[in-house]
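Spelled out from the first residue to the last, the chains are:
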Amino acid sequence: MTSDTSSQIPLSLIAELTHRCPLHCVYCSNPVEMQKASSELPAADWIRVFHEAARLGILHIHLTGGEPLARADLEELIAGAHGAHLYTNLITSGVGLSEKRLAALVEAALEHIQLSFQDSQQQSAEEISGTRSHDHKIQLARIIQKFQRLSRLAFTMNVVVHRRNIDRLDEIIALAEKLVPDRLEIANVQYYGWALRNRESLLPTSRQLEQARATIESAKARLLGRIRIDYVAPDYYARYPKACMGGWGRRLLLIDPSGNALPCHAAVVIPGMKFDSVREHSLEWIWRQSEAFERYRGEEWMPEPCRSCERRELDFGGCRCQAFLLTGNPSATDPVCSLAPDHHVIEEQLLRINRICEQVSDRFPEIWLYRTSSPLPSSRTP
């Protein structure tokens, strides 16, 4: 039996084309056990899925990973998405992207590119990513400017912020002004995957967030009409949770590299979940009838205080994956909610980080766990 929510039309399809990536970011949200290239969905199947998405009513496709440039058939995939009348957005680190290949992607009908940066400063950026890539990103952004003018390619600059770089927001925004994106997205780390493992090093202090909000508001006013700035605050400091992914199985649909359909990026962390594959089922059947998408739709699954809360149709109880990671129960109220029975988990973490940072500085601790099999020492100098 399907829920009323299943009759809604998803807004976007997130296509995780691969988990291969040249970067080793300390906040990578991909699953710890990532899929191999040999298991990746072939281009023909992806293009079939794109057409199924269009028939379902989806308008946008976000081509991501890992690093989607690792797919040698990326041009074919973009052309296939365009052939299905989907708006094509590429989310990339830019590593491996030359002017020649960008021209080929645009020729294939790429309409929007989102280029990620780790910081405004080379040393810090490359420490975060574990890769020498910062200068290449800056050069690539200048190449993208040519395509903005010649082919109307839309350009978003993505920057993930955290305790180690949030104090440089002024520099990050100044860099954006030089690179002239249409949009600047500044998003605080979300604590899944490697980010959860590195939370002690990444979670900003309350002082930092107060300054960040002031910096963002000032920049928004100054750059109005020139660069749109979107800011995503950290969940841990919120009074109420946000509707993660617009609500479980309500707005977005994600296909992982092997073809499994998920309601969100991190859903694989929830034990006992069965995710159906587009190799075996149509996208419409998965959206409307699959067990995974139905699991947290509606309100029947909700515990108190969510079930009787007036915000239950706004945040839907918050993030199921975050609830599981912090409480061990995926049906619990997201602990970031101030009304949640487990909110003390968040309060204790914030108290610990703010207290220690006041005592020893915002640079605590000094070890990163990279997206590799073992922890690597920080290359930062005092």
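You'll find the structure just up there.
Keep in mind it's a predicted model, so treat the numbers as computed, not measured. (Residues numbered from 1 in each chain as written. Predicted model: local features only at pLDDT ≥ 70, side-chain atom pairs only at ≥ 80, totals over all residues. Heavy atoms only, no water.)

### A look at the pattern of salt bridges
Here is step 1: Under the counting rule described, the total for this entry stands at 20 salt bridges.
Here is step 2: A salt bridge links R48 to D45, with the shortest nitrogen-to-oxygen separation between them at 3.9 Å. Highlighted residues: R48 and D45, both in helix α1 (residues 43-56), separated by three residues, approximately one helical turn.
Here is step 3: The structure contains a network of salt bridges with shared partners spanning R20, E40, R71 and D73. (Salt bridge = Lys/Arg side-chain N within 4 Å of Asp/Glu carboxyl O. Helix = DSSP H or I, 4+ residues; strand = E, 2+ residues; numbered from the N terminus.)

### Topic: the packing of helix α3 (residues 99-107) against helix α5 (residues 134-151)
Here is step 1: Viewed as axis vectors pointing N to C, α3 and α5 meet at an angle of 30 degrees, and their least axial separation amounts to 11 Å. Here α3 is positioned roughly parallel relative to α5, judged by the angle of their axes. α3 and α5 meet at a crossing whose hand is right-handed. Facing α3, whose interface residues are E99, L102, A103 and V106, α5 presents I143, I144, K146, F147 and S151. (Axes fitted to C-alpha atoms, helices over the stretch in contact; angles between N-to-C directions. Parallel < 35°, antiparallel > 145°, perpendicular 65-115°, else oblique. Left-handed = near helix turned anticlockwise from the far one by under 90°. Contact = heavy atoms within 4.5 Å.)

### Regarding the packing of α5 against helix α6 (residues 169-179)
The axes of two packed helices give the description: the angle between them and the distance between them.
Here is step 1: Where α5 contacts α6, the axes come no closer than 10 Å and their chain directions differ by 40 degrees. Overall, the two elements α5 and α6 adopt an arrangement that is oblique. Mapping the contact onto sequence places I138, A141, R142 and Q145 in α5 and L175, K178 and L179 in α6.
Here is step 2: Tallied by class, the residues present in the contact of α5 with α6 amount to four nonpolar, one polar and two charged. (Nonpolar A, V, L, I, M, F, W, Y, C, P; charged D, E, K, R; others polar.)

### As for the pairing of strand β1 (residues 12-16)
Here is step 1: Taken across its five residues, β1 has five buried, putting it largely inside the fold.
Here is step 2: Strand direction decides the pairing type here: β1 and strand β2 (residues 60-64), joined by five bridges, are parallel. Counted as the bridge partner of L13 is I61 from β2.
Here is step 3: Looking at chain direction, β1 and strand β8 (residues 252-255) are connected through four bridges and run parallel. Counterpart to A15 in the pairing with β8 is I255. (Buried < 20%, exposed > 50% of the residue type's maximum accessible area, 1.4 Å probe, protein only. Pairing = 2+ DSSP bridges.)

### Here we look at the packing of aromatic side chains
Here is step 1: Scanning all chains against the criterion turns up five aromatic pairs.
Here is step 2: Where W248 meets Y296, the ring centres are 5.1 Å apart and the plane angle is 85 degrees; that geometry is what we call edge-to-face. Note that W248 is positioned in the loop between β7 (228-232) and β8 and Y296 in the loop between α11 (291-294) and α12 (312-315), a separation of 48 residues in sequence. The burial state of W248 is the same as that of Y296; both residues are buried.
Here is step 3: Cluster of aromatic residues (ring-pair linked, three or more members): W248, Y296 and W301.
Here is step 4: Here the basic side chain of R297 rests over the ring of W287, its NZ or CZ set 4.7 Å away from the ring centre.
Here is step 5: Residue placement shows R320 over the ring face of Y296; its charged tip is 5.9 Å from the ring centre. (Phe/Tyr/Trp six-rings, centres within 6.5 Å; stacked < 30°, edge-to-face > 60°. Lys NZ or Arg CZ within 6 Å of the ring centre and 35° of its normal.)

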